[in-house]
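Report on the structure
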Amino acid sequence: MLGVSDQTLANANWMRWLSGAVCVKKPDGGRCKLYPVSDIEQIAQERLAAAAAAEAKKRAEEARLEARAAAPPFVVSEGFVDRAGARSLLRITERAFTHWITDGKITFGTRIHSRVGGRCTIYPVEALKALRAQMLGRENLFKGAAGTFEVPSGWARRREACQMFGVDRPTWDGWVRQGLLPCGERFEDGPTVYRVEELKRMLQRAGMLAPPYLHPDGSGAYCVPLCGGNVRDSGQREAIVDAQTLALLDGAVLSWESVNKGQATFVGLCRPERPKGVALRRVIMGVTDGAHQVGHINGDSLDCRSANLIVRTIQQRTRHTRKMKGMKGQPCSSRFKGVCWEKWTGKWSARIVADGKAYRLGRFGDELAAAEAYDEAARELFGEHARLNFPDGIDAWLDFDKLSRAENAEAAREGDDRERTRRAA
């Protein structure tokens, strides 16, 4: 009747509430306690009333919290921002903002009260903009709480300047000592900075940052000479971009970047505020998450035209990878992807792996036939993301292979002739 267990009923508190209980003897021996039904009903009603009151109190508290969350705690007038907005406008950290208040740089805050209790300080936007121009101006470089300096717009640090010229720090310092470069401007207790426009003019005069020009094929694309961290190794490399991509290059340069010890290369977009280049292909396609990759359809990392770029998932990118050159230091038995030589059968075996499952495509007496079988299966399973052995057809590949063999043979004969002439001399 009470909805409790025997152990709970034996509790001292329950015994006090059920004081009318009597203990009687059982006919077959032993004793038993009897409780008045009226007392039990009264206690059950009191428990129900207490539970209903607790539930009503809980609902009222939830409604109060929901109303508080729905209504903005502070009403910020137009032309004012709160503390978070002030920090965002000044582009400083919370710790630096606190230091500015302690040092007396920010004295124009206004305290307002919240609708639900508490107080908040708001700041006028115009005063914050004036303070930003004063603190982050050219004449007064500010050092943030993290110990780094905020470089004003249109200026570059020494490392960004080295990145633009593609040289290391010792080479740069040598150029400065020789008077080949401007010494820059040194702020009090701050870094040496250089005007970006002046650096660009020097790069253009040196020919390392030549302006884009129309591609000779008449397609409307532009060629952009590369510079940056690997400019000494890039030679005359030029990126190919669309006309609409030129707007992204305003105030930036393109560099030839490499990762994984040179195993992968890409065209990087560098700016003075971010000298480490971000892949231009990702910027063009608007890809910012790590779950997707941007690849080049024709395999040329310099061709960054939109029609040549494709967005792939990591799985699709894996399907488009080249044939591994070797495993555990051993060379591959075949030069074609998906093909290997079987010693026990004396034939070429073709197979493909899709979604973790391996498919055997058969054994062939000719290596080219096995490579063609892989291409057919790759087209069916991977579609446009497949890397084919013969993307232009086997006839085109045979012509190219024949031409390459002839060129290699001619180069070998020329080398032998030069060696015989050297020995005779």
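In case you missed it, the structure is sitting above this.
Values in this document were obtained by computation on a predicted structure and should not be read as measured data.

1. Focus on the packing of helix 7 (residues 158-165) against helix 8 (residues 169-177)
Look at helix 7 against helix 8: their axes get within 10 Å of each other, and the N-to-C directions meet at 95°. With respect to helix 8, the element helix 7 is oriented roughly perpendicular. Residues Arg 158, Ala 161, Cys 162 and Phe 165 of helix 7 pack against Arg 169, Trp 172, Asp 173 and Trp 175 of helix 8. When the residues that make up the contact of helix 7 with helix 8 are grouped by side-chain class, the tally is five nonpolar, no polar and three charged.

2. Thoughts on the nonpolar core
By size, the foremost hydrophobic cluster in this structure holds 17 residues, and its most contacted members are Leu 226, Leu 249, Leu 254, Val 267, Leu 269, Leu 280 and Cys 304. Phe 165, Trp 172, Leu 199 and Met 202 belong to the second-largest nonpolar core, a separate cluster that totals 12 residues.

3. Description of the environment of Glu 367
Of note, Glu 367 is situated in helix 13 (residues 367-382). Residues Glu 367 and Trp 341, 26 residues apart in the sequence, show an inter-C-alpha distance of 8.7 Å. Leave out the neighbours within four places in its chain, and Glu 367 touches Ser 334, Arg 335, Phe 336, Val 339 and Trp 348. Among the polar contacts made by the side chain of Glu 367, one reaches the side chain of Ser 334 at a distance of 2.7 Å.

4. Quick look at the sheet that holds strand 6 (residues 155-157)
Where strands meet in a sheet, backbone hydrogen bonds hold them as pairs that are either parallel or antiparallel. Spatially, three strands are ordered 6-8-7 in an open sheet, and the strand pairing comes out antiparallel. Whereas interior strands pair on both sides, the edge strands pair on one side only; in this sheet they are strand 6 and strand 7 (185-186). Across three bridges, strand 6 lies against strand 8 (residues 192-195) in antiparallel orientation. In the strand pairing of strand 8, Arg 157 is matched with Val 193. Here helix 7 sits on the sheet and contacts strand 6 and strand 8; the angle it forms with strand 6, its principal contact strand, is near 95°.

5. What to know about a negative patch on the surface
Residues Asp 366, Glu 372, Glu 376, Asp 395 and Asp 399 make up a contiguous surface patch of negative charge. Counting only elements with at least two residues in the negative patch, the list comes to helix 13 and helix 14 (394-424). If you trace the backbone, Glu 372 turns up in helix 13.

6. Focus: the sheet that holds strand 11 (residues 238-241)
Read from one edge of the open sheet, three strands run 9-10-11, paired in antiparallel fashion. Here the strands that pair on one side only, and so sit at the sheet edges, are strand 9 (213-214) and strand 11.

7. Some details on the packing of aromatic side chains
The way to describe two aromatic rings as a pair is by their centre distance and the angle between their planes. In total, this model carries six aromatic pairs according to the counting rule given. Judged by centre distance (6.4 Å) and plane angle (90°), the ring pair of Phe 108 and Tyr 123 falls under edge-to-face. Here Phe 108 is found in the loop between helix 5 (94-102) and strand 4 (110-113), whereas its partner Tyr 123 is found in strand 5 (residues 119-124), with 15 residues between them in sequence. When its relative accessible area of 21% is taken as the criterion, Phe 108 is described as partly exposed. An angle of 65° between the planes, with centres 5.0 Å apart, marks the rings of Trp 341 and Trp 348 as edge-to-face. Aromatic ring contacts, followed pair by pair, group Phe 97, Phe 108 and Tyr 123 into a single cluster.

8. Focus on the pairing of strand 8
Pairing of strand 7 with strand 8 involves two bridges; the strand directions are antiparallel. Residue pairing in the sheet places Glu 185 in a bridge with Val 193 of strand 8.

9. Overview of the pattern of salt bridges
When charged atoms on two side chains of opposite charge get close, those side chains can pair. If you walk through the whole model with that rule in mind, you get 13 salt bridges. Among the ionic pairs, Asp 401 bridges to Arg 335, the shortest N-O distance being 3.9 Å. Here Asp 401, found in helix 14, pairs with Arg 335, found in the loop between strand 18 (330-331) and strand 19 (339-342); they are 66 residues apart in sequence, far enough to count as distant. For Asp 401, a relative accessible area of 16% translates into the label buried. Residue Arg 335 is classed as partly exposed on the basis of its relative accessible area of 47%. Here Arg 405 and Asp 401 are joined by a salt bridge, their closest N and O atoms 2.8 Å apart. With Arg 405 and Asp 401 both in helix 14, this residue pair falls four residues apart, about one helical turn. Salt bridges sharing partners connect three or more residues here, namely Arg 83, Arg 87 and Glu 94.

10. Here's the deal with the side chain of Ser 301
Mapping Ser 301 onto the fold places it in the loop between strand 15 (292-296) and strand 16 (309-313). The class for Ser 301 is buried, based on a relative accessible area of 17%. Apart from residues no more than four positions distant in its own chain, Ser 301 is found in contact with Trp 256, Thr 265, Val 267 and His 296.

Analysis parameters
Residues numbered from 1 in each chain as written. Predicted model: local features only at pLDDT ≥ 70, side-chain atom pairs only at ≥ 80, totals over all residues. Heavy atoms only, no water. Axes fitted to C-alpha atoms, helices over the stretch in contact; angles between N-to-C directions. Helix = DSSP H or I, 4+ residues; strand = E, 2+ residues; numbered from the N terminus. Parallel < 35°, antiparallel > 145°, perpendicular 65-115°, else oblique. Contact = heavy atoms within 4.5 Å. Nonpolar A, V, L, I, M, F, W, Y, C, P; charged D, E, K, R; others polar. Core = buried A, V, L, I, M, F, W, Y, C linked by side-chain atoms within 4.5 Å. Buried < 20%, exposed > 50% of the residue type's maximum accessible area, 1.4 Å probe, protein only. Polar contact = N/O pair within 3.5 Å; in protein donor to acceptor, adjacent residues only side chain to side chain. Pairing = 2+ DSSP bridges. Patch = residues over 30% accessible without salt bridge, like charges linked within 9 Å, V, L, I, M, F, W, Y side chains within 5 Å. Areas by Shrake-Rupley, 256 points an atom, 1.4 Å probe, with all protein chains shown as cover. Salt bridge = Lys/Arg side-chain N within 4 Å of Asp/Glu carboxyl O. Lys, Arg positive; Asp, Glu negative; His and termini not counted. Charge placed at Lys NZ, Arg CZ, Asp CG, Glu CD. Phe/Tyr/Trp six-rings, centres within 6.5 Å; stacked < 30°, edge-to-face > 60°.

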